[in-house]
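# Chain and residue survey
Chain by chain, the residues run as shown.
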2 protein chains.
Amino acid sequence: MPSYTAPTKDMHFVIHDMLKASASEIPGYGELEPDFTSAVLEEAGKLTSEVLAPLNVVGDTEGCTLENGVVRVPTGFQDAFDKVREGGWTGLDMPEEYGGQGMPYLLGTAVGEMFSAANQAFTMYQGLTHGAASAILAHGSDQQKDTYLPRMVSCEWTGTMNLTEPHCGTDLGLMRTKAEPQDDGSYKLSGQKIFISSGEHEMADNIIHLVLAKIPGGPEGIKGVSLFIVPKFLVKEDGSLGERNGVSCGNIEEKMGIHGNSTCVMNYDGATGYLLGEEHKGMRAMFTMMNEARIGVGMQGLAQADAAYQNALIYAKDRLQGRDVTGVKNPDGPADPLIVHPDVRRMLMDQKSFVEGARAFVLWGAYLIDKSHRADDEAAEGLISLMTPVIKGFLTDEGYDMTVQAQQVYGGHGYIEEWGMSQFTRDARIAMIYEGANGVQALDLVGRKLAQDGGKHVMAFFEMVKSFCSENKDTDGMEEFTEPLKKASKDLQTAGMYFMQNGAKNPNAALAGSTDFMHLMGHVCLGLMWGRMAKAALEALEAGASDATFYETKLATARYYMTRRLPATAMHLARIESGADPVMALEADQF
Amino acid sequence: MPSYTAPTKDMHFVIHDMLKASASEIPGYGELEPDFTSAVLEEAGKLTSEVLAPLNVVGDTEGCTLENGVVRVPTGFQDAFDKVREGGWTGLDMPEEYGGQGMPYLLGTAVGEMFSAANQAFTMYQGLTHGAASAILAHGSDQQKDTYLPRMVSCEWTGTMNLTEPHCGTDLGLMRTKAEPQDDGSYKLSGQKIFISSGEHEMADNIIHLVLAKIPGGPEGIKGVSLFIVPKFLVKEDGSLGERNGVSCGNIEEKMGIHGNSTCVMNYDGATGYLLGEEHKGMRAMFTMMNEARIGVGMQGLAQADAAYQNALIYAKDRLQGRDVTGVKNPDGPADPLIVHPDVRRMLMDQKSFVEGARAFVLWGAYLIDKSHRADDEAAEGLISLMTPVIKGFLTDEGYDMTVQAQQVYGGHGYIEEWGMSQFTRDARIAMIYEGANGVQALDLVGRKLAQDGGKHVMAFFEMVKSFCSENKDTDGMEEFTEPLKKASKDLQTAGMYFMQNGAKNPNAALAGSTDFMHLMGHVCLGLMWGRMAKAALEALEAGASDATFYETKLATARYYMTRRLPATAMHLARIESGADPVMALEADQF
C-alpha cells in the first residue's frame, strides 16, 4: 500500500526562505514564526500520514453506496472526519468570530495540500464546506452567517456547490432549475443537479447546499441565475434542526476515481431555499466559491503528483533491476536499484521539479490572496485573479502527467490496483475537469484575464519576471537560472503580443492558442518560482546553513527545471503563432 | 455507450494511395487489389463494430473471475470468439499450410487495428495466440509446427507468453523458473510467472503457454534462459488432448483496465514442457514474438486513440454548450455545438492528426515487414528493426494522451464510467507498459538500434526523409509540408550527432535523452507520413478524384500536424542537448 510523508521541510523552505512570510507586513503574518508554522505543519503531517493516507485505498476500493436514500461512506471515514474536526483543522484559516483560528490562507493552503495528497476523496467533504462557507461569508446576511457559519467552520455541517445539470455544464445560462418566490421571503427550488461532490452522506448532522437556480420572470441566460442556500434539514430559529427539506440524492455516479467521495445526482422537489446575495447575481456569488475552489483544485494536481512521486521514489530505490551502465552500484545484490538508470532519473526529476515548483507557485498564490484580503492590496488581487486559471489548468494538466509517470516507474506493477499507483492517476484525472474544465481555464485566461483592467496585471507580471532577472543576473551563481527564465518570459510576451495583434481581427487567433498560452505561462511561473527558490538556496548556503545538502539539492533541481522543462515554452509559442487557420480549417462535417 | 466505426476508407487510402500496395512487387501484394482489400476491410469492419465493440463495456464492467481454478470471461465473449474463429479472421496473415489465408501482414495489421479499437481486452486472446504461433513457426521443429500451428492459427487453441516473475520484469536474467531435463527429452518446469495475459480461460480447448525458464547448470543470467512450450492439456501423439498439465492459474490481477482479459498469476508445478528452439537461446526465440508484439502494441495505442476520438467527435457535434464567438452557428438551438469552440477543435485536430498519421506509420511498418519477409529485403528489415521501438513507445505514449484528450472533450461526463470514455484511457494505459515499458523501448532505440550495423539503418532513414523533401519541395503545394519536415529531421540528426559525440565518453549522455529522442523520431516519422499522405492527396486531386473533400481534409490535417505538432522536435532536441548532468546530478539519497 502506498504511503505518504508530509513535505513539511519543503513547505517550511517556501514559506520562510522564499516567501519570508514572518517578515512580511501582511496583517497576521507576524504570527507565522518558524517554530509556530513548523509545529502546525508537523501536527497536520502526522494526522495526514497516519490517519488519512491509510484510508485512501479503502475509499477507492469500497466507494460510496446509496441505499434507501442513505449514502454510506467508506469504512473509517466517519472516525477520521471526527478526528479532523476535533483537531480544529477545518477552520484553520476561517475567522475566529465563527469559530475558526484566523490563520493566514497561506498556512491553510500548506495544510490543505497535505490533506489532499493523503486522501483527495476524503478531503473534498471538508473542501467543499470551506468553499460554501466562504461564499456565505462573502455574500450572506448577518443572520445567514450566524446560522450557518459556526457549524460549517467546524464541519459539524458540511457544504456543497450545485451548478451542473444534465444538459449544461460550462454553459450555465442553459440552466433549468427553478426557484419560485414564497410569501415568507423564501423560495421553492425544483430541478435536478448532477456531479454534486459530497452531495449526500451521514458524516455531518446537516448539509448546506448552495444551489444555482433561476427565478421565473428574470433575465434570460446567465444573467437570470441566482444562488440559494438549501439545507438538507431546515434550521429552526433556535438553531436546532427541523424537518427534512425536499432535497434528496437520486443516484451516486460510478466514476473513474475519487470513489471515496459521494458524487451525487441531487433532486430538488420544491425544496426550501434562501437567497444568498442578490437576485440574478448568483454567478458573482458563486465565483467567490469557484475562485477559491480553482486554486484548491490546482493544489490537488500538485498534491496527487507528490503522493505518487513519493511512492515512485521509494520503488525506484528499492526495486532491483538491471545494472548501471557506467558501473555496478550494488555489487552484493543481484541487480542495481532502478534509480541508477538515466531514464528512471528523468522521470523522477520531472516529478520532483514539478512538485516543488508547483508547491512554491500555489503557496505564492495563497500569499497573494492574503495580501489582497488582509492588506487590501489591489495589485495582489489583480495578480492572483490572473494566476487563478494558470494554477488550476497548468498544475492539474501537469500534475496528472506526473502521476502517469510515477505509475510508469513501477512497470507492470503500476497497472495493478494492489500497488495503489493507478488510484493516484484515476483520482488526479478529475482535477483537469471539475471547477471548469482546463479548456475553460485557458479561455478565462486568454479571453478575460489578459485584458482585465487594460492588461495591467499581465504587464505587472512581465515586469516582475524582468526585474527578477535583471536584479539577480549578476549575483554569483544566478545567471544559469535568470537566463533561461528571461528567454521563456520573452516567449510569453511574444505570444501575448501575437494575441494583441491578431485577436481583435479574429478572436479565434487567440482562442486557438489559449491552452498553449496557459501552459507557456505556467512554465514561466514555475521558472520564476525556481529562480526564487535558487536565490533563497544560494542565500542560505552563503549564510552557512547547517543543512547544505538540502539547499544544494534545490539548486540541482532548479537546474533541471531550467534545462529540461522550460524549453517547452518555444514549442507553445510556435503553436500559438501558427494561428487559428490550422485549427479551424475544417468544416464540422469534414471531420 | 460508445460506438466504433471501422476506418475502412482511411485504411484504403493508406494502403492504395500512399503505399500503392497493389502495384508493389512484394510477393503476395498483387492480390491486394482495391476491390479485394475493400471487401475484407468492410467485412472486418462490420464484425468489429457490430459484435466486438458492444462487448467492450461488458468486458470492462464484468471482468474475469477465478473460481475453483476455472476462469470465467465476460458474458458474450465466448460467442464472439466463436464468430471470429468461424470467420477465419485469426489466420488471415498466417501460412496456408497451417490453415491460414496467407495474406500479407499489411492486411492483417489493418484488420488488427479494427479488432483492437473495438475491444482491446477481447482481441488480446487472439493476439497473444498469433504471437505464440509466430514464435513456433520461426523456431519450432516440424513436429511442433504440425502439432500446434493448425489449431493455434484457427484459435481452436490459444497461446500466451510467460516472461515476468514477481521479482523480475525487464531484467529477465534474474529469472528463477527452472526447467529440469527428463529422460524422454521433455522438461519439468517449476516456478511462478505473473502478468500473463489470457493466461487461463475456457474459450479454447487448450492453451499453449510459451514459457521462459532456466535449465539448471546453464550459463548465468540472461544467457541461460530457454523457451518452452507448455500446453495446458498435454497433446497425445494422435493430436487429441491428454491429461491436464501441471500449470494452473493462481490468481487474476485487479487492474486499472483491460478487465475483459484474464491477466493471470501462473503457477508451474513440475509442468511438462518442450524446448522451443535451442537451449539457452530462449531470448532470441522470444524476441520473434516480442518484435511482432511490440508493433501490435504500438497499434493498440493508435487503436484506442481512434476509438476514443470517434466518440469525442460525436459528442462535440452533438452537445450544445456556449456560442461561437465569431457568430452564432445554431440559431435555432439554445447553444452551439462544442465543435465550434477553437480549444475543442484543437483537441479534435490533435487526435485526428495523430490517429491518421499513426495509422499510416503502423501500416508502413507492416509493409516493411512484408518487404523484409516476403521479398527478403535486408534494408527493409533493418528499417523496421529501427522503427519497432518508435512504433511501440511513441504511439502508445501519444495514443494514451489522445484518449485523455478525448475524455476531456466530454467534460464531467468523461469521468463517469457510464459514458465509456474512462475505459479507453484505462485500457490504453497498459500499452505504455507491457511488451517492454516505454523507457525500455527508448533504451533499445538509443542504446542498440541507432548503432546497429554501423548506424546504417538510421542513416538510411535520414536519407529517406531528405530525399522525400528534396524530390517534392518543388511540386506545387508540397513546400508547406517538406519545409517543416526538413527542419524536424534536422533536429533529429543533430540529436543523433550529439549522442555520437558524447555517448562514447559518457553513455548516460545518450541514455538521459533516450525518451526525448524516441519522441523526436516519432514526430519525424509522423511528419514523413503526413508528407507522403499530402503528396498522395495532391495526386488524387490532380487526377480529378471524385471525393475531393476527403483529400482536401487530408491536406488540412497534414497542415495541422506540420504547424502544431512538429514544433515539439525542437523541445526534445533542447532537452537532449542539455545532456546527462541535470538528470544525474543528485545522489540517490538526495532525492
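Because the structure is predicted, anything quoted here is derived from the model rather than measured.

## Side note on the relation of the copies chain B and chain A
For the match of chain B to chain A, the screw axis carries a shift of 0.0 Å, the RMSD comes to 0.0 Å, and the turn is 180°. Such a combination of rotation and displacement between the chain copies is what one expects of a two-fold axis. The C-alpha atom lying nearest the rotation axis in chain B is that of Met571 of chain B; the distance is 3.2 Å. The residues that chain B uses at the interface reappear at the interface of chain A in 100% of cases, marking a shared surface.

## Quick look at the domain arrangement of chain A
All names here are of chain A. For chain A, the domain assignment lists domain 1 (8-139), domain 2 (156-280) and domain 3 (455-584). Placing the centre of domain 1 and that of domain 3 at their C-alpha centroids yields a distance of 30 Å. Across the boundary between the two partners, domain 1 contributes 8 residues, which contact 10 residues of domain 3. Carbon and sulfur atoms supply 64% of the area that domain 1 and domain 3 bury against each other, a total of about 760 Å² over both sides. Area buried by domain 1 at its contact with domain 3 is led by Lys9, Phe13 and Met18, which between them contribute 67% of it. Applying the counting rule to domain 1 against domain 3 returns 3 salt bridges. Between Asp547 and Lys9 there is a salt bridge; the shortest N-O distance is 2.1 Å. Scanning the region where domain 1 abuts domain 3 turns up 4 residue pairs in polar contact (both at pLDDT 80 or more).

## Points about the environment of Met521 of chain A
Residue and element names in this part refer to chain A. Summarising the element assignment, Met521 is placed in helix α16 (residues 514-542). Considered as a pair, Met521 and Gly399 are 122 residues apart in the sequence and their alpha carbons are 16 Å apart. Residues within four places of Met521 in sequence aside, it is in contact with Leu386, Met387, Val390, Leu445, Phe461 and Leu492.

## Some words on the pattern of salt bridges
Opposite charge on two side chains permits pairing when their charged atoms draw close. All names here are of chain B. What the rule picks out here adds up to 58 salt bridges over all chains. A salt bridge links Glu278 to Lys281; the shortest N-O distance between them is 3.7 Å. Take Glu278: its relative accessible area is 45%, and that puts it in the partly exposed class. We note a salt bridge from Arg284 to Glu278, for which the minimum N-O separation is 3.7 Å.

## A short note on the interface of chain B and chain A
Facing the 93 residues of chain B at the interface are 93 residues of chain A. Of the roughly 7400 Å² buried where chain B meets chain A, counting both sides, 61% is carbon and sulfur surface. Considering only the surface of chain B that becomes buried against chain A, Tyr415, Arg564 and Phe591 of chain B emerge as the three largest contributors, covering 13% of it. In this assembly, chain B and chain A are joined by 2 salt bridges. With a shortest N-O distance of 3.7 Å, Asp516 of chain A and Arg564 of chain B are connected by a salt bridge. Put simply, chain B and chain A have 47 residue pairs in polar contact (both at pLDDT 80 or more) between them. It is helix α17 (residues 548-565) of chain B that contributes the most residues to the side of chain B that touches chain A, 9 residues altogether. Taken together, the residues of the side of chain B that touches chain A break down into 43 nonpolar, 28 polar and 22 charged.

## Some thoughts on the confidence of the model for chain A
Predicted confidence across chain A gives a mean pLDDT of 97, with 100% of residues reaching 70 or more. Model confidence for the complex: the whole-complex pTM is 0.98, and ipTM, which rates the interface, is 0.97.

Cut-offs and rules
Residues numbered from 1 in each chain as written. Chains lettered and ligands numbered in written order. Predicted model: local features only at pLDDT ≥ 70, side-chain atom pairs only at ≥ 80, totals over all residues. Heavy atoms only, no water. Least-squares fit on C-alpha atoms with pLDDT ≥ 70 in both. Contact = heavy atoms within 4.5 Å. Domains from an automatic or database assignment. Buried area = accessible area lost by both parts, 1.4 Å probe. Salt bridge = Lys/Arg side-chain N within 4 Å of Asp/Glu carboxyl O. Polar contact = N/O pair within 3.5 Å; in protein donor to acceptor, adjacent residues only side chain to side chain. Helix = DSSP H or I, 4+ residues; strand = E, 2+ residues; numbered from the N terminus. Buried < 20%, exposed > 50% of the residue type's maximum accessible area, 1.4 Å probe, protein only. Nonpolar A, V, L, I, M, F, W, Y, C, P; charged D, E, K, R; others polar. pLDDT = per-residue confidence, 0-100.

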